[in-house]
Every structure is written in C-alpha cells, then in structure tokens.
Amino acid sequence: MSAASTAESADFRGPLDITRAATVVLDAESTVIGWSPAAAELLGYGPSDALGRPLTTFLSVRPAGGTLPAEASGAAGPGPGPPSLVGNEIHVARTRDGRELLVATATCPLPGAAGASGPGTPDRILVAAEVEALLHWESRIALLQGLATQSPVGLAIYDTDLRLSWSNTAYEREMGQPLAAFRGKRAEELYGAGSFVTPGYPHTLAGVMRQVLDTGEPVLDLHFRGQPPSDPGRDHLWSCAYYRLEDAHGHALGVCEDAFDITDRYRVQERLTLLVEAGRRIGTVLDVATTAEEIAEVAVPDFAATVRVDVTRAAVTGETAAVGSPADMTLLRVAERSAPGSGTPDPGLPASGPTETGRPDPYRPGASPTVTDSPDPGRPETGPTGSGPTGSGPTGSGPTATARGPGGTNSPGGPRQPYPPVDYPPGSPQNRSLSSGGLVLDEGTLVVPLRTGGGILGLVTFDRGEGSDTSGRTPGPDRATTFDNGEVALADELAARAAVCIDNARRYTRERTASLALQRQLLPHHLPPQSAVETAYRYLPADDVTGVGGDWFDVIPLSGTRVGLVVGDVVGHGLQAAATMGRLRTSVRAFAQLDMAPDELLTRLDDLVGQPAEDRSDACGGAVETYDVTTGATCLYAVYDPVSRRCVMARAGHLPPAIVGPGGEVSFPDLPAGPPLGLGGLPFESMEIDLPVGSLLALFTDGLVEARDHDIGRGLDTLGQVLGDRSASLEELCDRAVSELVPGGTSADDTALLLVRTRALGADRVADWDLTAEPVSVGRARELATGQLEAWGLEELVFATQLVVSELVTNAVRYAGGPLGLRLIRDRTLVCEVADTGHTSPHLRHSAADDEGGRGLFIVAQLVQRWGTRYTPTGKTIWTEQALPPAEAG
C-alpha cells in the first residue's frame, strides 16, 4: 500500500469537518455569500452561479420527511433520517444536472453576527455532506470505540522504545489495574516470566516486537505462555499478533499487539491430544503389566505428576472367577511412574519412600517386597520349559517402558518380576473408590477404578504433587494440585480405555496359560532311551503376538526294537490348536501301537480328522463351527528298524526330512507328498530308505525353516549347513539350528525339531530261523530257543520262553500254514517273534471248564510283558516281550 492511499484510508476527519465538507456562508436572509470548492464539487454549481442566490435554490426549505427520493431511499429509508444522525438536519439537495441528493447539514453561527445582521453580512456557516459518507464515518468511529471498550481481544500500542503507550479495556482487565498505572512500562516489566512457545520466533516479547519494527512484516498467531498480573500463579496461553504502526508518511510510530486468551481452548486441545495418544499407545500388546505401564507413560508428566496402577491378582494371572468379586480384591502394584523431581507418599506401600523417579526403592531397607526366587501367584506364566530355548513372556513390541514395576525391572522380552501387594488403609481415596466402585477426587489425588463387565480390575491413581512441568517451570498451585471437571472426565476415559485393554490382556493371558499348560502336558516331557536311535529335540512355542500353536513331535517304541518317529503341525493358534495337537498325537500313538505301516497310519488319521466335520452339529448341539483347525494339519511318520537298518516313511502335506549320511552329505529325499489331513481324495504313499549306521535324520516343522525375512529354500539350505557338521553332538546341532534359524528365540509360528542318529543291533543280539509248518517244528523251535538263551546267559527265561515258543509255533502250524519264522532279539527286553503266512490275528478268550483248548494264549499273556500282532506283506508276525533278569537288564 502506498503512502498516499494509506493516508487516505487513515483519514478520520468527519464528513462535516469544515476542511472537508461542502461549506456555505449565509447572511441573515439565508442568501449565499460564500461558496467553497467542496460545495461546488458536491452540487455542481460554481461560485458565480451560487453567490447571491437564496439557499432554497439548492436545498429544500424543510428537512426531508415522508418519502425520500428514489436514489436516497435505499441509503436512509423513510423518515427524518437514521437514528445515528440525530443532531444533524437532513435535506434534499438539487444538483446542477437535476439530480437530488440526501445530505446532512450542520449550522454554526458566526461570533458577532447578531449585532450586524444586514444583507450581505456573514451570519452563519452551513456545512453539508452526503448522508452515506456520514454513516460510513460514524461506523468507523463505532468500530474504534468497540475495540477500545468492548472487544475481548487485548489491544496494546508500544512506541518505538517498546514502552506501552495505550491499551484497551480488555488489556486493562488482564493487568488488573487502569492504564494510567502501567503506561510507559516495557513489555518485560509486565510479563517478565512469560515467553513465546511457537518455534521459529524469538522467545521474548521485546525480541518479537523489535523484529516487527525492523522488518515491518506482521506476525500472526504466536503462542505466548505467561502469568497475567490479574491471575498470578497460573499459566495462561495467548494467541498474539503484531504489526507495525505508521504515520501518513510511512514513518514507524510503534507496534500494536493483539492478544487473545486461548487457555481454555488449549487445555481442551491438550486433552484431545492426550486421548489420541492414549488410543495409539495403550494396549499395543496383550499383556496386563505392559498395558499398565503404557497408561502411566501417557499420563506422566502432561496430566499428572505421579501415576500408580494397581491391578487385581486375578487379572494379572488371567483368572476369571475372582475378577470383580469382593471375595478376593488383592491388588498388586503393576506400574508406577513419576515426573522428575516429584513424588508423593504412597498410602498403599507405607514403608516405601520415593526414589529419584518417585517410585519405591525395592533395595531400601523396609521397602516394599522385592524380587525373590520363589514364584509369585501374581506373575503370569511365560512359557514351557524344555531341553532347549523356549518362548518367554510378552515380547514388548510396544513403546519402550522406562517405568519399572515396584519389584524390579520389567524389560520387554525379559522375565517379569513379582509385583508387590498393596493395602490401602480405611478412609484413603483408594479404599473409598474400591468400596463405592466409583472415582474419588481428594484434593490433588484422583482415583479411578478400572471397570469392565460390571467388575473392578484395579485402580489408577493420578496424583499432582509439586514438581516441574515439561517446560521446567513449577506449575501453579491450582494446576499442580487440583483436577477440574474436564480433567476428571479425561481421567475416567483414560481408565476406561485401559480397562478394556487390560481385560483383553487378562483373557489372552488366561487362554495362553491354559494353552501352554495343555501343550506341556501333551508334548513329551522327555524321550526315553532307545536302542534303535539316539535322539535330541527342541520345541519353541510361537511368540506372544501370534499365540500358542500346534506343532508337535513324538518318538514311539514299536515291536521288534523298531521306533516310530513323528512330527506334525496344526493350523492356527491358541487353546483349540493345542487341544487338536494333543488329539492327533494320541491318535498317532494308538495307531502306531497297532504296528501300522506309515501310509496306512496316515490314511486312518485322515479318516479320523475328517470324521468330526460330519458329526460336529450333533456334538455341539446343532452349532456348526465355521473353522476347524484340525483340517489342513500336516504330519510326517517314519518307522526305523535297527535290525534291517531300513526306514519307511510317509507324509501328509508336511516338509520332507533331512538325511545326513555318515560322510556328512545332506539330502532331502523326494518323499511322495500326500494331501494335508482332512482333505482326502488322494492316497498316501510310503518310501523305504536304507540308513547306514550313524546316519542323521532330522524331522522339523515349517516354523524352523520359514520366516518373514526369508523363504523355505533359504531355511533348508541353512539347516543343511548346520547338520553337515559330523563332529558335533545332537544337542549341539539342535542349539546351532535354533540359533541360526530362529535368532530371537521365538517366531510367528511354533518350531519343532527332532534329530535322530541311527543305530543297528549287532548279529550277536539277533537270532532267527526258518521252520516248516509241521508238528515236528514245535520241538525244534523249543530246542533252538533254549540253546540261544543259554548262549546269551538267560537261563532264567528258558522255561517261560519254551512255553511261549511252543504255543505260538503250534498255533502257526495249526491255523496258518506255510513257511514259518522264529526270531529272538536281545535288547532291553527279550523279544520273541513267530512269523507265518496267515492273516488272522489270535485273540484272548476265557475258556469254559469243559473246554479242551483255548488256554494257551491266555497263559502266554501272563508270562510276558506285552504281546501283539504285526502284519507284513507276506502274512503276520506274533511277537512277545519279556523282562530281562535284573543283572542283565542293568
């Protein structure tokens, strides 16, 4: 804007000012004797045309009334004129070109004119201006008057020395005194402790105003924090604007300050921001303690100086019955956080004193209970123990918690420390909150219960003690020690959100604890030693985010010193997956005891998995589940015979095993891939492989070799490199495989690894003979068995073995026929096997008193530990096991 236009827009002379208005000098007879250039410009008549003529030639005799001319009616309306023009006469003026104007006039008598009132003698002066111009000027005056006396925005003018020269009424109210009391003071003298918090600008009032004076650039919406003299001890926040004041020639006169108190709006915005932050940071993981720490982190120091979160023991452990029940409301101090330099006495832990961070010091004598080696009922279980690394508790994927539980550190991924119990005395705000079930405000302490489902999960205590705020200044007394209604509502909302997250974490903890307990009971606790193989294993449950899965493995002793090896994977996670895993493992063990071939076993297992889908509506009372974790489960089953050193295996949608030869060469056999269990439609096929003595067989689930950062192929290559080290023991190989493929100890899926090193039974421990299907073979079999037992030094077993061999061979000769086979194996038990070409299995039965037969097999069953039937492609084998004498067994 140019200096000329600036001067014109800033001209506050009134339209009836004699220097601007149309001025006419009249004599006593109202004859024009003087005519100003402004009058000539307004009406179009020159001085020569106007002088000597009566005033009525140009103006109506009476003030305008009734209906005004059409051109002026829109501006003034009917009547004698607008109310704002009271005191001025309104006339209709006629211009030279015939137009009519609505003008306001004022008359001023001349001094001394009353004594000389002849024609041509100046008697009075009349000034005139258009009504529209007068109305516009009066609105500008009203605006200035409103800004000075009625505006809620504080206005102040500082001269070029930055001394206050003028202020409006709103500014006086902030100062608490009239303008005369503080006129001439500098800004720092009025708000010395305040500062600007908007980044990118000077922090002081003088710095900002000097910048505006020097540059002439106005600034808008700068936030200034300080304490006004009218409200000492309480911080306010203003939105300020500054611009330079200039005269008509562009010379700086000073700086004008516009300041509007936005403290209430800012606090509402702070609360909204805190709620948004709470929604983002609270409940990041399904862990009660972590959720409690998160609410403390969100609230300190912006909302409270100290926050303590106490949760019921039932909620921490994931129990259900006691949640919200008055029978057991034992509270545990799960989280506590204090602003630096603050801290208030804790009525729940009276013996503890505040540390530097305001938390009880667990290492101070007389402090609250500290970490012990004994388990605490309030401590959630972290995972199953085994021979290798296991999953732990929460992984702490949320924000890093700098607050620690009162019992010790709570690092994410590390073991949880016990939480000390708290006991609030009667009359304390916490005790009153527990009794009433509602929030309690007691001066600077606000206690809000964690409510969910009609019960109480715990308490959150917000305490405003003495301390510094985020800017390093000590807050005012009301800000530091009281909560207003809005802040009480905010605290209630924070606690409500935290309660929902804690309840979700409690439910998850309960399900995970049950799943882990079920999983630990269903998985083998230890693998008994086997003559056929040497074993080692590792099992790692899934991480906390994914939940307990259904991976499983087993080593099953079979007849004839053979061993069954199985590994499987159930789709899904949680309690249902763990239960399904146990169901499948039990079924596999049952089928394996029937000496089924691997392909037949998987076929039977597939039928079993598909059966519940048909019967589920009956079992669940008509309710059909939409998803079954059993369908789609995978399994690999192998049977190794240490006598023949052959391994037969089949798989149902599972990864093939890794085989490492005695020389260290690694291979993954192209085992026929059957469909996952429950899908049906395709048969399962077996493969028979020769395994030299000392071969390594690795069975595993996809959780070991597959991860988010690499595919299965890369994982298989890494596993092969680890297993190729023939100098390492099986335990060392397990540890290396886990550390290489699962570096963090947990993954998004369960991990199972079973390593098996094959052995062989020497020829001196196995004896077999071929017999003919003739009665004479019975005596021959007794002689052969007796001679072999004497050679092994097992004379104590001769009598029983003779009876067993006689009965089994006799049954084979009588009912089966064909060539017979007799085999004795000396292992941890004495195994006796008789093979024939028949396919009918003998059964125990009770013989009547007058029956001549049927008692032989019953007698055999009483003499041996176990017996059974194993079918082969050429017939069947009846086998028995007898315990060795104590000396031989040892």
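Everything that follows concerns the structure shown earlier in this document.
The present account deals with the structure reproduced in this document. Bear in mind the structure is a predicted one, so any value in this text is a computation, not a measurement. (Residues numbered from 1 in each chain as written. Predicted model: local features only at pLDDT ≥ 70, side-chain atom pairs only at ≥ 80, totals over all residues. Heavy atoms only, no water.)

## So, the packing of aromatic side chains
Going through the model one piece at a time under the given rule, you end up with 11 aromatic pairs. One aromatic cluster is present, built from ring pairs that chain together Tyr191, Phe196, Phe224, Trp238 and Tyr242. We note Arg464 situated over the ring of Phe483; from NZ or CZ to the ring centre the distance is 4.1 Å. (Phe/Tyr/Trp six-rings, centres within 6.5 Å; stacked < 30°, edge-to-face > 60°. Lys NZ or Arg CZ within 6 Å of the ring centre and 35° of its normal.)

## Quick notes on the pattern of salt bridges
Within the structure shown, the criterion is met by 31 salt bridges. Asp725 is the partner of Arg736 in a salt bridge, and the nearest nitrogen-oxygen pair spans 2.5 Å. With Arg736 in helix α20 (residues 730-741) and Asp725 in the loop between α19 (712-723) and α20, this pair connects stretches of sequence that are 11 residues apart. Close ionic contact of Arg823 with Glu833 constitutes a salt bridge, the shortest N to O distance being 2.7 Å. Placement of the pair is Arg823 in strand β30 (residues 820-826) and Glu833 in strand β31 (residues 829-836), with a sequence separation of 10 residues. One network of salt bridges, with partners in common, ties together Glu277, Arg280, Arg281, Glu297 and Arg337. (Salt bridge = Lys/Arg side-chain N within 4 Å of Asp/Glu carboxyl O. Helix = DSSP H or I, 4+ residues; strand = E, 2+ residues; numbered from the N terminus.)

## Here's the deal with the side chain of Arg124
With respect to the helices and strands, the residue Arg124 is situated in strand β5 (residues 124-130). In this structure the side chain of Arg124 is engaged in a polar contact, spanning 2.5 Å, whose partner is the side chain of Ser30. A distance of 3.1 Å separates polar atoms of two side chains, one belonging to Arg124 and the other to Asp123. With sequence-adjacent residues up to four places away left out, Arg124 is seen in contact with Val24, Val25, Leu26, Asp27, Ala28, Ser30, Thr107, Cys108, Pro109 and Leu110. (Polar contact = N/O pair within 3.5 Å; in protein donor to acceptor, adjacent residues only side chain to side chain. Contact = heavy atoms within 4.5 Å.)

## Observations regarding the sheet that holds strand β2 (residues 32-35)
Strand order in this open sheet of five strands is β2-β1-β5-β4-β3, and the pairing throughout is antiparallel. Strands with a single pairing partner mark the edges of an open sheet, and in this sheet they are β2 and β3 (89-94). Averaged over all pairs of adjacent strands, the angle between strand axes in this sheet comes to 35°, irrespective of strand direction. For β3 and strand β4 (residues 100-109), the ladder comprises six bridges, and the chain directions are antiparallel. Within the sheet, the bridge partner assigned to Val92 lies in β4 and is Leu102. In this fold helix α5 (residues 131-149) packs onto β3, β4 and β5, with an angle of close to 80° to the strand it touches most, β5. (Pairing = 2+ DSSP bridges. Axes fitted to C-alpha atoms, helices over the stretch in contact; angles between N-to-C directions.)

## Some points on the pairing of strand β22 (residues 646-652)
Where a strand is regular, its side chains alternate between the two sheet faces. Counting buried positions along β22 yields five of seven residues, so the element is predominantly enclosed. Bridging between strand β21 (residues 634-641) and β22 involves six bridges; their strand directions are antiparallel. Residue pairing across strands places Val639 opposite Val648, the latter belonging to β22. Bridge analysis of β22 against strand β26 (residues 687-690) gives four bridges, and the strand direction is antiparallel. From the neighbouring strand, Cys647 faces β26, where its bridge partner is Ile689. Pairing of β22 with strand β25 (residues 673-674), which is carried by two bridges, proceeds in the parallel orientation. Among the inter-strand pairings, Arg651 is bridged to a residue of β25, identified as Ala673. (Buried < 20%, exposed > 50% of the residue type's maximum accessible area, 1.4 Å probe, protein only.)

## Remarks on the sheet that holds strand β7 (residues 164-167)
Reading across the sheet, the six strands line up as β7-β6-β11-β10-β9-β8 and stay open at both edges, with antiparallel pairing between neighbours. A strand with exactly one partner marks an edge of an open sheet, and here the two such strands are β7 and β8 (195-196). Pairing analysis gives three bridges linking strand β6 (residues 154-159) to β7, with the strands arranged antiparallel. Pairing of Tyr158 across the sheet is with Leu164, part of β7. Running at roughly 30° to strand β10 (residues 236-246), helix α9 (residues 205-215) makes contact with β6, β8, β9 (219-226), β10 and β11 (252-261) of the sheet.

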